[in-house]
Amino acid sequence: MEDKRFICKEDTPEFLAIGHFTHDVTEHGLILGGAAAYSSLAALKLGIETAIVTSVGTDFLHYERFKDISVTLVDSNYKETTTYLNIYNEGKRTQFIKGISATINPEHVP
């Protein structure tokens, strides 16, 4: 099996996102979610050197989206990615947590 862990560069980034990448359950399958994911991808598109401290499980599906970003994982052997099921009804969202990955603590920030 291919090793899909992220590698952190040595440089100090201009933008650092800290937070869980998530899987969001949709009718089309699992899609990428999480503010850290989207803010870091936006910063990269703006030409800003970007890094992320995040937590995902070994089941994470979206590694290829972050190939140009330095990513530090808090636990590369954790089994579950934080996963949400979002139900929309009459303009209101109800969320159910289906999985939780490792906790991000201050000591995880390089």
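Everything below is about the structure printed above this text.
Summarised in this report is the structure supplied together with it. (Residues numbered from 1 in each chain as written. Predicted model: local features only at pLDDT ≥ 70, side-chain atom pairs only at ≥ 80, totals over all residues. Heavy atoms only, no water.)

1. Focus on the nonpolar core
- Among the nonpolar cores identified, the biggest contains 14 residues, and F21, I52, F60 and F66 are the most heavily contacted of them.
- In terms of residues, this core owes the most to one element, helix α1 (residues 35-45), which gives three residues. (Core = buried A, V, L, I, M, F, W, Y, C linked by side-chain atoms within 4.5 Å. Buried < 20%, exposed > 50% of the residue type's maximum accessible area, 1.4 Å probe, protein only. Helix = DSSP H or I, 4+ residues; strand = E, 2+ residues; numbered from the N terminus.)

2. What to know about the environment of S39
- Looking at the element boundaries, S39 is found in helix α1.
- Along the backbone, S39 and R93 are 54 residues apart, and their C-alpha atoms lie at a distance of 22 Å.
- If we ignore the near neighbours within four places in the chain, the residues touching S39 are F15 and A17.
- For S39, the side chain forms a polar contact with the main-chain oxygen of A35, separated by 2.9 Å. (Contact = heavy atoms within 4.5 Å. Polar contact = N/O pair within 3.5 Å; in protein donor to acceptor, adjacent residues only side chain to side chain.)

3. Observations regarding the side chain of S40
- Mapped onto the elements of the fold, S40 is located in helix α1.
- Side-chain polar atoms of S40 contact the backbone oxygen of A37, separated by 2.9 Å.
- Look past the residues within four positions of S40 in its chain and what remains in contact with it is F15, A17, T50, I52, F66 and I69.

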